[in-house]
Amino acid sequence: METNVRIISTASYIPSKKVTNKELTQFFSTSDEWIVSRTGIKERHVVVNETTTDLCCQVGKRLVESSGISPKDIDFIIVATMTPDNATPSVACVVQEKIEADNAFAYDISAACSGFLFALSLSEKILSNSDNKIGLVIGGDTISKILNWKDRSTAVLFGDGAGGVVLRKEKGNSFIIGEKLCTDGKKNSALLARIGENQSPFYEGTIDGENGLKMDGKKIFAFVLKDVYKNIIEVLKKSLVDINDIDYFLFHQSNGRLIEKLSEKLKIDKSKCLINLEKYGNTAAASLPILLDEAVKNKKIGIGSGKLILLVGYGGGLSYGSMIIKI
Ligand code: ACO
């Protein structure tokens, strides 16, 4: 079925507190040299007194401003996050309140670092298959609150932030040219981050392991170079798009070395591969929309320019997917 959904604006919000690699040496034994050479990350931003909801509300406000839409015309808000503040209300419900999008339905989805891509795909389907016309899609996370700050192998990698887009049903073709979302639940133990213990007086179960995020970095590294690579090739093939015709590659900003290896395997021109992880680290569900918003702000990618972009997300679940969009 031919659809007609487009991205009409982007926005992002980064908390102001910046933490350099050097500052991390007060918490564990590490060095700027190790972090930069293994990951490409130089600094990240973390929340001091804001929450995931606060970051996403700022993005919601900026999306309303940048798109010029009336909040009353927003039909839905979907937030992708793995670090919500509450079981209820969802982050999206509070965004709906704060931006006065009184006519919108709102909910969160959870797919770790792939969350924004999954939410973008879902939102396009909602718009294409219903009479809804405008949707806000936001990815936001405060991974700093779930990190094990004694584990140097993960604590150096992540940062906090949020970003998003406004989708509107318009004349013309959908912005999605092709996509494929995947999950490999068999590898779920490669990235674990528990929510609190069951406090019920009847509960007798125990949970193994420590609190805080735990990651098998090597396993994820290998998974990206094998499974995510295959997924990208498959999407290009089924979309009948030649990889040389892609204008920009926006990969989940998890590790510069990993992105470099993936780019080499795909034989792509490095100048087409956008990177900002040196400033923000891995911001989970916020990584892709922040990268997209920066590229729009610095006029690399113009909305309505017709540029072809490959978005690739991967993370906990393990979840992953690729999407070719025309912006
Ligand atoms: N500073 C100094 N040394 C360190 C640090 C650190 N911060 N962290 C680990 N080391 C040490 C280790 O202890 C180890 O020492 P040893 O050899 O004496 O045992 C050595 O460095 C090498 O450690 P490795 O774990 O082998 O390091 P590796 O080169 O594999 O890099 C990394 C680790 C950066 C995590 C990498 O594996 C990676 O980025 N993987 C991909 C992660 C990813 O993409 N995740 C995305 C999903 S995130 C989400 O969904 C929320």
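My aim in this report is to walk through the structure given alongside it, one point at a time. Quick caveat: nothing in here was measured; it's all calculated off a predicted structure.

## Considering the overall build of the protein chain
Link 1 in the chain: Scanning the protein chain for helices and strands turns up ten helices and 13 strands.
Link 2 in the chain: Taken against the 2.2 N^0.38 rule, which gives 20 Å for 327 residues, the C-alpha radius of gyration of the protein chain at 19 Å falls within 12% of a compact globule.
Link 3 in the chain: Judged by the C-alpha coordinates and their principal axes, the protein chain covers about 55 × 50 × 35 Å.
Link 4 in the chain: A buried classification covers 55% of the 327 residues belonging to the protein chain.
Link 5 in the chain: For the protein chain, the accessible surface area stands at approximately 14,800 Å², while carbon and sulfur atoms represent 50% of it.
Link 6 in the chain: For the protein chain, the separation between the mean place of its 42 positive charges and that of its 39 negative charges on side chains is 5 Å.

## What about the site of the ligand?
Link 1 in the chain: In the region of the ligand, 27 residues are neighbours, and Thr30, Arg38, Cys113, Lys218 and Asn255 sit closest.
Link 2 in the chain: Arg38 is positioned with one of its side-chain polar atoms (N or O) 2.6 Å from an oxygen atom of the ligand.
Link 3 in the chain: Take Gly316: an N or O atom from its main chain is 2.9 Å from an oxygen atom of the ligand.
Link 4 in the chain: Protein chains shield 76% of the accessible area of the ligand, which is 1,000 Å² for the free molecule.
Link 5 in the chain: Within the residue set of the shell around the ligand, elements represented by two or more residues are helix 2 (32-39), helix 6 (152-155), helix 7 (217-238), helix 8 (256-266) and strand 12 (308-315).
Link 6 in the chain: Ranked by residues supplied to the shell around the ligand, first place goes to helix 7 with four residues.
Link 7 in the chain: For the shell around the ligand, the per-class residue count stands at 13 nonpolar, ten polar and four charged.

## Description of the sheet that holds strand 4 (residues 76-80)
Link 1 in the chain: The five strands lie next to each other as 1-7-6-4-5, forming an open sheet whose pairing is mixed. Pairing within the sheet leaves two strands with one partner each, and these edge strands are strand 1 (5-13) and strand 5 (105-109). The mean inter-strand angle of the sheet, taken between neighbouring strand axes irrespective of direction, is 15°.
Link 2 in the chain: Strands in contact with helix 5 (residues 115-128) are strand 1, strand 4, strand 5, strand 6 (134-142) and strand 7 (160-169); relative to strand 4, the strand with the most contacts, it is inclined by about 160°.

Rules behind the numbers
Residues numbered from 1 in each chain as written. Predicted model: local features only at pLDDT ≥ 70, side-chain atom pairs only at ≥ 80, totals over all residues. Heavy atoms only, no water. Helix = DSSP H or I, 4+ residues; strand = E, 2+ residues; numbered from the N terminus. Rg over C-alpha atoms; globule rule 2.2 N^0.38 Å. Buried < 20%, exposed > 50% of the residue type's maximum accessible area, 1.4 Å probe, protein only. Areas by Shrake-Rupley, 256 points an atom, 1.4 Å probe, with all protein chains shown as cover. Lys, Arg positive; Asp, Glu negative; His and termini not counted. Charge placed at Lys NZ, Arg CZ, Asp CG, Glu CD. Near = heavy atom within 4 Å. Polar contact = N/O pair within 3.5 Å; in protein donor to acceptor, adjacent residues only side chain to side chain. Nonpolar A, V, L, I, M, F, W, Y, C, P; charged D, E, K, R; others polar. Pairing = 2+ DSSP bridges. Axes fitted to C-alpha atoms, helices over the stretch in contact; angles between N-to-C directions. Contact = heavy atoms within 4.5 Å.

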